[in-house]
Every structure is written in structure tokens, then in C-alpha cells.
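# Fold and geometry: a report
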Amino acid sequence: MKTKLPVLSALALSFSLLSSHAWAANPETVTIGYQKANIFALLKYRGTLDETLKKEGINVRWVEFPAGPQMLEGLNVGSIDLAATGDAPPAFAQAAKADLIYLGHSPANPKTEAIVVPKDSPIKSVSDLKGKRVGLNKGSDVNYLLVKALEDAGLNYKDVKPVYLPPADARAAFQKGAIDAWVIWDPYLAEVEANADAREIRNAEGLVPHYTFYLASRPFAEGHPDTAKQVVDELSKLSDWANAHQDEAAGILAKSTGLDKTIWQTTLKRLPYGATRMTPQVFDEQQALADTFTRVGLLPVKVDVRSATWSLDKK
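Just so we're clear, the structure is a prediction, and the values are computed from it rather than from any experiment.

### Remarks on the pattern of salt bridges
Enumeration over the complete set of coordinates arrives at 14 salt bridges. Across the salt bridge formed by Asp180 and Arg133, the nearest N and O atoms sit 3.0 Å from each other. Placement of the pair is Asp180 in the loop between α7 (167–176) and β8 (181–185) and Arg133 in strand β6 (residues 133–136), with a sequence separation of 47 residues. For the salt bridge of Lys237 with Glu234, the shortest nitrogen-to-oxygen distance reads 3.7 Å. Of this pair, Lys237 and Glu234 both sit in helix α10 (residues 225–244), 3 residues apart, which is roughly one turn of the helix. By relative accessible area, Glu234 is classed as buried at 7%.

### Looking at empty space enclosed by the protein
Going through the model one piece at a time under the given rule, you end up with 1 cavity of 30 Å³ or more. Taken as a whole, the largest cavity spans an internal volume of roughly 40 Å³. Contributing to the lining of the largest cavity are Asp87, Tyr144, Pro209, Tyr211, Glu285, Gln286 and Leu289. Take the lining of the largest cavity: its biggest share by element is 3 residues, from helix α13 (residues 280–295). Here the lining of the largest cavity is composed, by residue class, of 4 nonpolar, 1 polar and 2 charged.

### Focus on the environment of Asp120
With respect to the helices, strands and loops of the structure, Asp120 is situated in the loop between β5 (113–117) and β6. Note: C-alpha distance between Asp120 and Asp197 (77 residues apart in sequence) is 8.9 Å.

Scoring rules and cut-offs
- Residues numbered from 1 in each chain as written.
- Predicted model: local features only at pLDDT ≥ 70, side-chain atom pairs only at ≥ 80, totals over all residues.
- Heavy atoms only, no water.
- Salt bridge = Lys/Arg side-chain N within 4 Å of Asp/Glu carboxyl O.
- Helix = DSSP H or I, 4+ residues; strand = E, 2+ residues; numbered from the N terminus.
- Buried < 20%, exposed > 50% of the residue type's maximum accessible area, 1.4 Å probe, protein only.
- 1 Å grid on protein atoms, 1.4 Å probe; cavity = no way out; pocket = protein on both sides within 12 Å on 5 of 7 lines; lining within 4 Å.
- Points joined across faces, edges and corners; volume = space filled by probe spheres on them.
- Nonpolar A, V, L, I, M, F, W, Y, C, P; charged D, E, K, R; others polar.

Written out as C-alpha cells, the structure is:
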């Protein structure tokens with residue numbers, strides 16, 4: 001019996017190694033969710049990720065979504081493996097028990113979201129928003145900006161009348177005067193400033209950092225960590241290129257979104273691209289966002305943001 005134990009142990013180890021190797025093998029296809037205006041759209045049209053992964057026998061499939069919340073629903077049900085969204089959608093997704101992982105983040109870009117009003121509006125500051133109709137996309141980054149801006153002005157979320165609209169509908173409502181103010185992000189912010197004489201009363205500077213997060217489903221991130229790291233590396237390389245070639249990047253994104261190139265040139269001047277792994281500070285900031293949403297009743301439960309830490313970042 002004693003002579004058989006080493007043999008059995010060796011066999012068990014071999015099967016374990018085989019199993020681990022099979023689990024860590026390259027996927028046949030990586031499915032990425034993107035929005036027309038975000039960094040994954042730029043990566044898609046540049047084609048560099050497709051070229052890099054093709055060399056390893058990996059295909060890339062791109063799936064377009066209208067906004068971050070819908071994209072993270074896709075991540076949760078397994079229809080996509082990777083996504084990039086702003087700060088708020090991951091917190092809402094975690095509250096809904098989505099099994100996602102934070103792979104990394106962009107630099108903070110607080111100048112790219114703001115509260116705007118019509119040029120001739122009597123509203124001069126955030127404190128003037130009391131009782132007013134404020135358009136915004138529910139569960140998006142600007143939802144956090146509005147909460148923090150109101151609190152900074154001595155108001156709370158119940159002091160305004162939120163009108164939840166996606167960007168296209170909110171743009172029309174803003175033009176018609178159906179809302180008194182609009183909380184929006186670039187490039188739509190740059191567009192309404194250029195074409196509708198929107199006047200900014202507060203941006204996110206000094207209130208919230210405003211990151212883009214690179215996210216993955218947990219099965220993908222843990223099952224194919226090398227591929228997930230490659231995607232983050234490609235996002236970092238793309239960011240360096242885009243920051244150094246803003247005119248060319250603006251041209252690509254103009255074609256993707258249908259917005260004028262000049263709108264994108266304005267956007268990119270205040271949008272630093274980048275991709276770095278998560279840090280304790282960024283997790284703390286994201287936890288503060290989640291706790292704020294729970295406190296004001298926008299999230300029904302408390303969210304532990306760090307439960308979505310990538311195992312590679314725990315080592």
C-alpha cells in the first residue's frame with residue numbers, strides 16, 4: 001500500500017496540472033462590449049487588439065451597447081467578456097449581484113462631465129437647482145456628480161426633480177426647454193456647448209474623480225488571466241497613441257459616433273486616456289461612490305467594491 005501512494009499522488013498532481021493548464025488556455029474568442037464613444041470603440045477601429053490576439057489564435061468579437069448599464073447586464077449574463085464603463089455602472093451591477101472584476105482604470109477626468117443649463121437660464125449655480133427639473137441618465141457617472149454637487153451646495157437629491165433620460169432624449173428635452181438643467185458627459189457635453197449654447201454651472205473638479213473602468217466577467221478574468229492582461233496592455237498602448245495623436249483619434253471617433261471632428265477635438269483636450277491596474281486609493285474612491293448611492297437610496301443594498309478585486313491584484 002505504501003508503494004502505491006506516491007504513484008497515486010503523482011497521478012493526482014498530473015491531472016491537477018492538466019486541469020489548470022486547460023483552464024488557463026487561450027480562449028477561442030474574446031467578446032468585447034463597447035459604446036460608440038468610449039475607448040473600446042477606438043480600439044476596435046484601430047484594429048491593434050485584433051491583430052495582436054490573432055497571432056495567438058484568438059478571435060475578437062465586438063458587440064455595441066447604447067450605455068454602460070446595459071453593457072454590464074451583458075457581462076453578467078455572459079454575452080460579453082470585457083467592457084469599459086464609467087464609475088457608477090459597476091456599482092449598480094455589483095448591487096445586482098453581477099460577478100465582475102475590475103481589471104484597471106483610466107486617469108481621473110473630472111473636466112469631462114458637468115451640469116449645464118441654457119445660455120439665458122436664470123440658474124447661475126447649483127444652489128439654484130432646488131425644485132428644478134434635472135435631466136440625467138439614471139445609474140450613470142453623472143448621477144454621482146449630481147448627488148455630490150447638490151450636497152456641496154447644501155441641498156440633497158430630493159431637492160431636485162430628476163428626469164431620467166438617455167443622452168439623445170435628454171438632448172432633445174434640453175433643446176425644447178422640457179428640462180431646466182442637464183448633467184452630461186463628453187462628447188455630448190462638448191456638443192451641447194458648441195451647438196446649443198449650453199452654459200456650464202459645475203463640472204466634477206473637486207467633487208468626484210470620474211474614472212473609466214476596464215471590467216471583465218470573473219470567469220473570463222480568472223480563467224484567462226494572460227489574455228485579460230493583454231487587453232489592458234493594449235489599452236495602455238492605445239492610450240499613449242491617442243494622447244499623442246489627438247487629431248487622428250478625433251477623426252476615428254467622429255466616424256464612430258457621427259459627431260463632428262471638432263467636437264472630439266474639444267473632448268480629447270480634456271480627456272486623458274490611460275490604463276493602469278487598480279490601486280487601494282481607486283478602490284476607496286469607488287467604495288465612496290457606492291456608499292453614497294446606498295445612502296441616498298439609489299442603491300438598495302450596501303456594495304463591497306473590493307469583492308470584485310482580480311485575484312492577480314491580491315497577490
